[in-house]
Amino acid sequence: MKKRRLTIERNLALCFPDMSQDERNHFIEKNIKNAGLALFETGMAWFWPDARVSRHVTIEGMEHIRKLENEGKGALMIAVHSMNLELGARAFGIHKAGMGVYRPNNNPCFDYFQYQGRSRSNRTLIDRKDVKGMIHALRTGELVWYAPDHDYGRRRSTFAPLFAVENACTTTGTSLLADASKCAVVPFTMVRNTDSGHYTLKVHQPLEAFPYNDDKAAAAYVNKAIERSIMAAPEQYMWLHRRFKTRPEGEACLYSQ
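The structure displayed is predicted, hence computed values, not measured ones.

Peer 1: Talk me through the pattern of salt bridges; I want residue IDs and the actual numbers.
Peer 2: Close approach of charged atoms allows side chains with opposite charge to pair. Overall, the coordinates contain 9 salt bridges when judged by the stated rule. Here Arg192 makes a salt bridge to Glu41, at a shortest N to O gap of 2.8 Å. Here the residue Arg192 occupies a position in strand 8 (residues 184-192), and Glu41 occupies one in helix 2 (residues 21-47), the gap between them amounting to 151 residues. Of the two residues examined, Arg192 and Glu41, each falls in the buried class. In this structure, the salt-bridge partner of Arg118 is Glu86, at a minimum N-O distance of 2.5 Å. Taken together, the residues Arg118 in helix 6 (residues 108-118) and Glu86 in helix 5 (residues 85-95) connect sequence positions 32 residues apart.

Peer 1: Got a sec to walk through the packing of aromatic side chains? Specific residues and values, please.
Peer 2: Two aromatic rings, taken as a pair, are described by how far apart their centres are and by the angle between their planes. One pass over the structure, following the stated rule, counts 12 aromatic pairs. Taken together, the aromatic side chains of Phe16, Phe27, Phe163, Tyr237 and Trp239 make up a single cluster linked through ring pairs.

Peer 1: Give a description of the pairing of strand 5 (residues 143-146) that names residues and reports values.
Peer 2: Burial along strand 5 is two-sided: Leu143 and Trp145 and Val144 and Tyr146, pointing in opposite directions, are all buried. Where strand 2 (residues 75-78) meets strand 5, 4 bridges bridge the pair, whose relative direction is parallel. Residue pairing in the sheet places Ile78 in a bridge with Tyr146 of strand 5. The pairing of strand 3 (residues 99-102) with strand 5 spans 2 bridges and is parallel. Bridge pairing in strand 5 places Met99 opposite Val144.

Peer 1: An account of the sheet that holds strand 5 is requested, with residue identities and associated values reported.
Peer 2: Pairing within the open sheet is mixed, and its 7 strands lie in the order 1-9-8-2-5-3-4. Two strands lie at the open edges of the sheet, namely strand 1 (57-60) and strand 4 (124-127), each paired on one side alone. On average, adjacent strands in this sheet sit at an angle of 25° to one another, irrespective of strand direction. Inspection of the sheet shows strand 2 paired to strand 8 by 4 bridges, in the parallel sense. Along strand 8, the bridge assignment pairs Met77 with Val186.

Peer 1: Can you lay out helix 6 for me, pointing to particular residues and giving the numbers?
Peer 2: Within helix 6, burial applies to Asp111, Gln114 and Gly117. Taken down its axis, helix 6 places every buried residue within 135° of arc, on the same side. Here the buried face of helix 6 lies against helix 2 and strand 3. Regarding helix 6, its N-cap is Asn107, as a side-chain oxygen of that residue lies 2.9 Å from the backbone nitrogen of Cys109 further along.

Peer 1: Explain the pairing of strand 1 to me, using residue names and the numbers behind them.
Peer 2: Regular strands have side chains that alternate between both faces of the sheet. Only one face of strand 1 is covered, namely the one carrying Val57 and Ile59; the face carrying Thr58 and Glu60 has none of its residues buried. Sheet topology note: the strand 1/strand 9 (residues 199-203) ladder contains 4 bridges and is parallel. Considered in strand 9, the bridge of Glu60 is made with Lys202.

Peer 1: If you had to explain the side chain of Glu227 to someone new, which residues and values would you point to?
Peer 2: Mapped onto the fold, Glu227 is located in helix 9 (residues 215-231). Not counting chain neighbours up to four residues away, the residues in contact with Glu227 comprise Pro161, Leu162 and Phe163.

Criteria and thresholds
Residues numbered from 1 in each chain as written. Predicted model: local features only at pLDDT ≥ 70, side-chain atom pairs only at ≥ 80, totals over all residues. Heavy atoms only, no water. Salt bridge = Lys/Arg side-chain N within 4 Å of Asp/Glu carboxyl O. Helix = DSSP H or I, 4+ residues; strand = E, 2+ residues; numbered from the N terminus. Buried < 20%, exposed > 50% of the residue type's maximum accessible area, 1.4 Å probe, protein only. Phe/Tyr/Trp six-rings, centres within 6.5 Å; stacked < 30°, edge-to-face > 60°. Pairing = 2+ DSSP bridges. Axes fitted to C-alpha atoms, helices over the stretch in contact; angles between N-to-C directions. Arc of directions from axis to C-beta. Contact = heavy atoms within 4.5 Å. Polar contact = N/O pair within 3.5 Å; in protein donor to acceptor, adjacent residues only side chain to side chain.

This is a description of form; function is not addressed.
Here's what the structure looks like:
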């Protein structure tokens, strides 16, 4: 994982410039171990029966979802790419099924297992290109899982602060979906207790004063929520992704080629 390790180190240097080298090295070691655990957590999510998953995951904050359900209001569930996201979505779906946004895998065999595993306790999956399908689901009171924390390129994006990086390429998909459906925007976090191995999934209150009809302000607003989710268990986040690869015109790449 030499290349990935360099990516993790660079992301940490960009996001947390005050972190010492010793702290960074210790963090990187823990993050790589969590990447290994993620292979097993994905298997748990895709193949374990409901009762076994439920024994290992405690869910907090379901009252927020029940309130939205009583109001007939859809919710865009804001996730981050924590290593155990697959298990979190599976555990939540056992209690309240939703729809996941995903990219079909290029390998049809892997895509079959991915689709079956991710939809095991949820309604279905929506191709990330099917914007109309997402908006329809939200307008009809559904929950839609959405992870706006990665760098998806220039299309439908803007630049907004994320940690110490002033210009992080951030999708405007969040505001597009929220503006079109007037849904609630609800962050959630999934954390593994490193001592017990038990997981806690916390559904937070819907974001208040969400800046509708302002995609740049919405991107900055959502990035603050993403920061809070990541910091709930930073060593369990997917730092091996080149989060800041897309730069404003004229700016140099932040990663070595």
